[in-house]
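Close look at the chain arrangement
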Amino acid sequence: MIQITPLTDAIGACIDGVDLSQPVSESVQQQIRDAFLEHAVVLFPGQAISHEQQLAAARIFGEQGQLHRPREFQPKAYDALPPGIMMISNIREDGVPIGSLPDGEMMFHHDMIHREIPDKATLLYAVEIPSVGGDTWFASGYAAYDTLPDTWKTRLKGLRANHLYHYGSTKKGDDKGTPAFGTCSHPVVRTNHETGRKSLYVNRLMTDHIEGLDRTESDEILQFLFDHCEQDAFVYKHQWTIGDLVVWDNRCSMHARTDFPAGERRLLFRTTVLDTQPPM
Ligand SMILES: [Fe+2]
């Protein structure tokens, strides 16, 4: 029996009673999709799944994404993985990380917001975790928008923000002057076309400026919005347990990672789900 329990008032639900190593009935898949749309983040604890089973779980939510395989990391480590699976890891072989985004803290962001059609969802499956830290925090873009004063809602109407990404960077400004890997503009307030709900769609890691405003005004607005979005009241702080599979709706939530000891191993497998249209 599937059981869905909210994790906080603002965001997240735990789904018990589903074994993702087995085929999932259409009716249970629908309950999972409904929970995903309602809570933006769903946690399936206690899973023991293969790569193929993780990819099958991704297809519950839509079309499986095709991931870019990072060349700068240990290519041999990727040989054993099917297309569509990526590693997030600090484990090193011959001194080279086997996975992407290996070390330390990561600021709040929406995955691939620098692309024209960012991913609809991301699935992260925990295989090795450090004894402390490396938590993933999820913030509700819906709660952030809903709680804005009306004056701010009016001020943001029609504004678009420009987002950029420096490949492999987990902190804004640590790119040492290298050009951005990708850049794109999207509405500051995004409507999730599947729920019709509005969410704030800017983040501290990747949002650079608001189009058509001078830098001072743009910075003032963005600084206010970043601080507003990241309030504890809108955030679910996930401490990983091995076997957790977490799926997040990347259109109406953003996520961050806390620091963890460099000497401890961390390995998660990542898959994505494609969206069907650009943000609006
Ligand atoms: Fe991410």
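Residues numbered from 1 in each chain as written. Predicted model: local features only at pLDDT ≥ 70, side-chain atom pairs only at ≥ 80, totals over all residues. Heavy atoms only, no water.

With that settled, the discussion passes to unusual backbone geometry. The backbone of D94 shows a phi angle near 55 degrees, a positive value even though the residue is not glycine. Take D94: it is sitting in the loop between β5 (92-93) and β6 (96-97). One non-glycine residue, M112, lies in positive phi territory at about 60 degrees. Residue placement: M112 occurs in the loop between β7 (106-109) and β8 (121-128). Owing to a relative accessible area of 24%, M112 belongs among the partly exposed residues under this scheme. (Helix = DSSP H or I, 4+ residues; strand = E, 2+ residues; numbered from the N terminus. Buried < 20%, exposed > 50% of the residue type's maximum accessible area, 1.4 Å probe, protein only.)

Any two side chains of opposite charge can pair if their charged atoms end up close together. Scanning the entire structure with this criterion turns up 17 salt bridges. Between E217 and R155 there is a salt bridge, with its nearest N and O atoms 3.6 Å apart. Placement of E217 in helix α6 (residues 215-229) and of R155 in helix α5 (residues 150-156) is noted, with a sequence separation of 62 residues between them. In this structure R155 comes out as partly exposed when scored by relative accessible area, which is 32%. Salt-bridge contacts for D275 lead to R251; the nearest nitrogen and oxygen are separated by 3.6 Å. Separated by 24 residues along the polypeptide, D275 in the segment after β18 (267-273) and R251 in the loop between β16 (245-249) and β17 (253-257) bring together distant segments of the chain. Exposure remark for R251: the relative accessible area of 1% places this residue in the buried category. Through salt bridges with shared partners, a single ionic network connects K120, R190, E194, D249, R251 and D275. (Salt bridge = Lys/Arg side-chain N within 4 Å of Asp/Glu carboxyl O.)

Moving on, we come to the packing of aromatic side chains. Counted under the stated rule, the structure contains three aromatic pairs. Note on W152 and F224: the rings are 4.1 Å apart at their centroids and 10 degrees apart in plane angle, and the pair reads as stacked. Here W152 is found in helix α5, whereas its partner F224 is found in helix α6, with 72 residues between them in sequence. One Lys or Arg, K153, reaches over the ring of Y145 and ends 5.0 Å from the middle of that ring. It is K237 that lies over the ring of W137; its NZ or CZ is 4.1 Å from the centre. (Phe/Tyr/Trp six-rings, centres within 6.5 Å; stacked < 30°, edge-to-face > 60°. Lys NZ or Arg CZ within 6 Å of the ring centre and 35° of its normal.)

Moving on, we get to the coordination of the iron ion. For a metal with four donors in a tetrahedral arrangement, the ideal angle between donors is 109.5 degrees, while six donors in an octahedron ideally sit at 90 or 180 degrees. Donor atoms from the polypeptide that coordinate the iron ion comprise H109 (NE2), D111 (OD) and H255 (NE2), at 2.1 to 2.2 Å from the metal. Counting residues between consecutive donors of the iron ion along the chain gives the motif H-x1-D-x143-H. Here H255 lies in strand β17 and D111 lies in the loop between β7 and β8, a separation of 144 residues in the sequence. Overall, D111 belongs to the buried group, its relative accessible area being 8%. (Donors = N, O, S within 2.8 Å, 3.2 Å for Na, K, Ca; no water.)

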